[in-house]
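Structural characterization, general
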Amino acid sequence: METLTRLEATIAERRKADPKSSYVAQLSHRGTPVMARKLGEEAVEACVAALSGSREELVGEAADVMFHLMVLLADKGVSLEEVMAELDRREGVSGLDEKASRST
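Anyway, here's the lowdown on the structure attached to this text. Please read these numbers as outputs of a predicted model, since none were measured by experiment.

1. Considerations on the overall build of the protein chain
Scanning the protein chain from N- to C-terminus turns up six helices and zero strands. Taking the principal axes of the C-alpha coordinates as reference, the protein chain spans close to 45 × 35 × 30 Å. Expressed as a percentage of its 104 residues, the buried residues of the protein chain come to 21%. Restricting the contact set of the protein chain to residue pairs at least 6 apart, pairs at least 24 apart contribute 53%.

What follows is the structure, given as structure tokens:
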């Protein structure tokens, strides 16, 4: 968890940087649709790695997914703390029951 907290702080800092010197700043400058599309691309790459890649490929792609998700969350003003609170809320609840509660 400490790693994600540090990453969240780094992303917040780099969002303010010059896009010429920071990948996060580049993504932020290009806007939410680009960030969302990049997250989707990384998620697909993680799925491909899970199906046909090595364990190391999957680990790398999973890290990319988490990084790009956190960039998008920062863009939308959603904190890691909020996401963790939602996971805590769901803890101990059947996934089937939780999903059913959202579809009504």
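2. As for the nonpolar core
Judged by nonpolar contacts, Ile 11, Val 24, Leu 27, Val 34, Met 35, Leu 39, Phe 67, Met 70, Val 71, Leu 72 and Leu 80 together constitute the single largest core of 11 residues. Of all elements in the fold, only helix H2 (23-30), helix H3 (32-52) and helix H4 (55-75) reach the threshold of two or more residues within this core. Ranked by residues supplied to this core, first place goes to H4 with four residues. Excluding residues that lie within four positions of it along the chain, Met 35 makes contacts with Leu 27, Ser 28, Val 71, Leu 72 and Asp 75.

3. Examining the pattern of salt bridges
Counted by the stated rule, this structure contains five salt bridges. Notably, a salt bridge pairs Arg 15 with Asp 75, separated by 3.9 Å at the nearest N-O pair. Taken together, the positions of Arg 15 in the loop between helix H1 (2-14) and H2 and Asp 75 in helix H4 put the pair 60 residues apart, joining distant regions of the chain. Residue Lys 38 pairs with Glu 41 through a salt bridge whose shortest N-O separation is 3.8 Å. Of this pair, Lys 38 and Glu 41 both sit in helix H3, separated by three residues, roughly a single helical turn.

4. Thoughts on H2
Taken together, the buried positions of H2 are Val 24, Ala 25, Leu 27 and Ser 28. Relative to the axis of H2, the buried residues are bounded by an arc of 160 degrees and lie together on one face. Every exposed residue of H2 that faces more than 90 degrees away from the buried side is listed here: His 29 and Arg 30. Of the residues flanking the start of H2, the one acting as N-cap is Ser 22, its side-chain oxygen 3.3 Å from the backbone nitrogen of Val 24.

5. Quick notes on the environment of Glu 45
Here Glu 45 is to be found in helix H3. A residue is classified by how much of its surface remains accessible, and Glu 45, at 35% relative accessible area, is partly exposed.

6. Side note on the packing of H2 against H3
Where H2 contacts H3, the two axes come as close as 5 Å, and the packing angle between them is 120 degrees. Between H2 and H3, the angle is such that the two are oblique. Listed contacts from H3 to Tyr 23, Leu 27, Ser 28 and Arg 30 of H2 are Val 34, Met 35 and Lys 38. When its residues are assigned to classes, the contact of H2 with H3 shows four nonpolar, one polar and two charged.

Definitions and limits used
Residues numbered from 1 in each chain as written. Predicted model: local features only at pLDDT ≥ 70, side-chain atom pairs only at ≥ 80, totals over all residues. Heavy atoms only, no water. Helix = DSSP H or I, 4+ residues; strand = E, 2+ residues; numbered from the N terminus. Buried < 20%, exposed > 50% of the residue type's maximum accessible area, 1.4 Å probe, protein only. Contact = heavy atoms within 4.5 Å. Core = buried A, V, L, I, M, F, W, Y, C linked by side-chain atoms within 4.5 Å. Salt bridge = Lys/Arg side-chain N within 4 Å of Asp/Glu carboxyl O. Arc of directions from axis to C-beta. Polar contact = N/O pair within 3.5 Å; in protein donor to acceptor, adjacent residues only side chain to side chain. Axes fitted to C-alpha atoms, helices over the stretch in contact; angles between N-to-C directions. Parallel < 35°, antiparallel > 145°, perpendicular 65-115°, else oblique. Nonpolar A, V, L, I, M, F, W, Y, C, P; charged D, E, K, R; others polar.

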